[in-house]
Amino acid sequence: MKIAVMGVAGRMGQQLVRALHETEGCTITGGAEHSGSPAIGADVGILAGIGPLGITVSPDPIELIAGAEAVVDFTTPQATLEIAGLAANARIVHVIGTTGLSEEDEAHIAAAARHAPIIKAGNMSLGVNLLTAIARRVAEALDDDFDIEVVEMHHRDKVDAPSGTALMLGEAAAEGRGIDLKEHAIRGRDGITGARPRGDIGFASLRGGSVVGDHKIVFAGPGERIELTHLAGDRSIFARGAVKAAMWGRGKPPGLYTMSDVLGL
């Protein structure tokens, strides 16, 4: 399967090149970066630390998408919307790991999914998606005597908060409770906040150092507490999941899919 990588010079882009190089049944056909990137013209294999592959970084996503069967995209919301339109026109698989998307962005992506398969997740790892499924089940089993808090920590350079994974966990818990997360999310606390509203879902975001991604969802009840945790030690887990998603999407009808679909959860 011919797969192109957007944001190929970034940390996730380099991981994706390595994952594609190691995965049987697929090949990297190109990598793109924004037009001002110093990586333009560099060999994607050298950037990823695996030696020359004879494929140079391009500033033109249209050219890359024209020669690919799938595109994997861990970039920015603005870039992802552009890529979604291009991939939809080309009728190829689009795997989205970009976070920080607005409701309007999500609507644009959903519209693009009417023309091509899109697999989108706040986190591509097997462990996180299992954790999400478990969190949904626990929230369904417990009533609102148990308060729900989602805690996440990432490296100092992460630009959005809460993380996409934290929001996945919050959405799963809200679905389990049968509530709308938008109406019950507490994104931050400061000063005299008063007592915690019953039934709300809280989020806390920590930033520092080189943390890849730590996530915990806490169910705190009277006299007892349940904590479900996932610790990511290496970005390769996200890259391997994204490659798996791209290969799974081959031949699928247009639609908006998640990693739960890919993993049969």
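For clarity, every value in this text was computed on a predicted model and none was experimentally measured.

1. A short note on the packing of aromatic side chains
Moving on, step 1. In this structure the tally under the stated criterion is one aromatic pair.
Moving on, step 2. Here W248 and Y257 contribute two aromatic rings whose centre-to-centre distance is 5.2 Å and whose plane-to-plane angle is 80°, an arrangement assigned as edge-to-face.
Moving on, step 3. On the basis of relative accessibility, which here comes to 15%, the residue Y257 falls in the buried class.

2. Some details on the pattern of salt bridges
Moving on, step 1. If you walk through the whole model with that rule in mind, you get 14 salt bridges.
Moving on, step 2. Of the charged contacts in the structure, one is a salt bridge between K120 and E106, with a shortest N-O distance of 3.2 Å. Note that K120 is positioned in strand β6 (residues 117–120) and E106 in helix α5 (residues 103–112), a separation of 14 residues in sequence.
Moving on, step 3. Residue E106 is classed as partly exposed on the basis of its relative accessible area, which comes to 31%.
Moving on, step 4. For E175, the salt bridge identified is with R136, shortest N-O distance 2.9 Å. One end of the pair, E175, is in helix α7 (residues 164–177); the other, R136, is in helix α6 (residues 126–141), and 39 residues separate them in sequence.
Moving on, step 5. Note on E175: relative accessible area 48%, which makes it partly exposed.
Moving on, step 6. Salt bridges linked by common partners bring D147, E149, R189 and R196 together as one network.

3. A closer look at the sheet that holds strand β8 (residues 185–186)
Moving on, step 1. Spatially, β8-β9-β7-β10-β11 is the arrangement adopted by the five strands of the open sheet, whose pairing is mixed. Strands at the two margins of the open sheet, each flanked by one partner only, are β8 and β11 (224–232).
Moving on, step 2. Pairing geometry for β8 and strand β9 (residues 201–207), over two bridges, is parallel. Note on β9: the bridge partner recorded for I186 is G202.

4. What about the packing of helix α4 (residues 77–90) against α5?
Moving on, step 1. For the pair α4 and α5, interaxial distance at closest approach is 9 Å and the crossing angle is 15°. One way to sum up the angle between α4 and α5 is to call them roughly parallel. Helix-helix and strand crossings are classified by hand; for α4 and α5 the assignment is left-handed. When α4 is examined against α5, the residues P77, T80, L81, A84 and A88 are found in contact with a partner set consisting of D105, H108, I109 and A112.
Moving on, step 2. When the residues that make up the contact of α4 with α5 are grouped by side-chain class, the tally is six nonpolar, two polar and one charged.

5. Regarding helix α9 (residues 236–249)
Moving on, step 1. In this model α9 runs 20 Å from its N-terminal to its C-terminal C-alpha over 14 residues, within 8% of the 20 Å that 1.5 Å per residue would give.
Moving on, step 2. Within α9, burial applies to S236, F238, A239, G241, A242, V243, A245, A246 and G249.
Moving on, step 3. Positive phi appears at G251, one or two residues downstream of α9, with a value of about 85°.

6. Quick word on the nonpolar core
Soluble, globular proteins show a tendency: their nonpolar side chains are buried together.
Moving on, step 1. If you look at the biggest cluster of nonpolar residues, it comprises 34 residues, and the most contacted ones within it are I3, L16, V72 and V95.
Moving on, step 2. Looking at this core, the elements with two or more residues in it are β1 (2–6), α1 (11–22), β4 (70–73), β5 (93–96), α9 and α10 (259–263).
Moving on, step 3. Among residues more than four places away in sequence, those in contact with L16 are V5, V72, F74, A239, A242 and V243.

Rules used in this analysis
Residues numbered from 1 in each chain as written. Predicted model: local features only at pLDDT ≥ 70, side-chain atom pairs only at ≥ 80, totals over all residues. Heavy atoms only, no water. Phe/Tyr/Trp six-rings, centres within 6.5 Å; stacked < 30°, edge-to-face > 60°. Buried < 20%, exposed > 50% of the residue type's maximum accessible area, 1.4 Å probe, protein only. Salt bridge = Lys/Arg side-chain N within 4 Å of Asp/Glu carboxyl O. Helix = DSSP H or I, 4+ residues; strand = E, 2+ residues; numbered from the N terminus. Pairing = 2+ DSSP bridges. Axes fitted to C-alpha atoms, helices over the stretch in contact; angles between N-to-C directions. Parallel < 35°, antiparallel > 145°, perpendicular 65-115°, else oblique. Left-handed = near helix turned anticlockwise from the far one by under 90°. Contact = heavy atoms within 4.5 Å. Nonpolar A, V, L, I, M, F, W, Y, C, P; charged D, E, K, R; others polar. Expected span 1.5 Å × (residues − 1). Core = buried A, V, L, I, M, F, W, Y, C linked by side-chain atoms within 4.5 Å.

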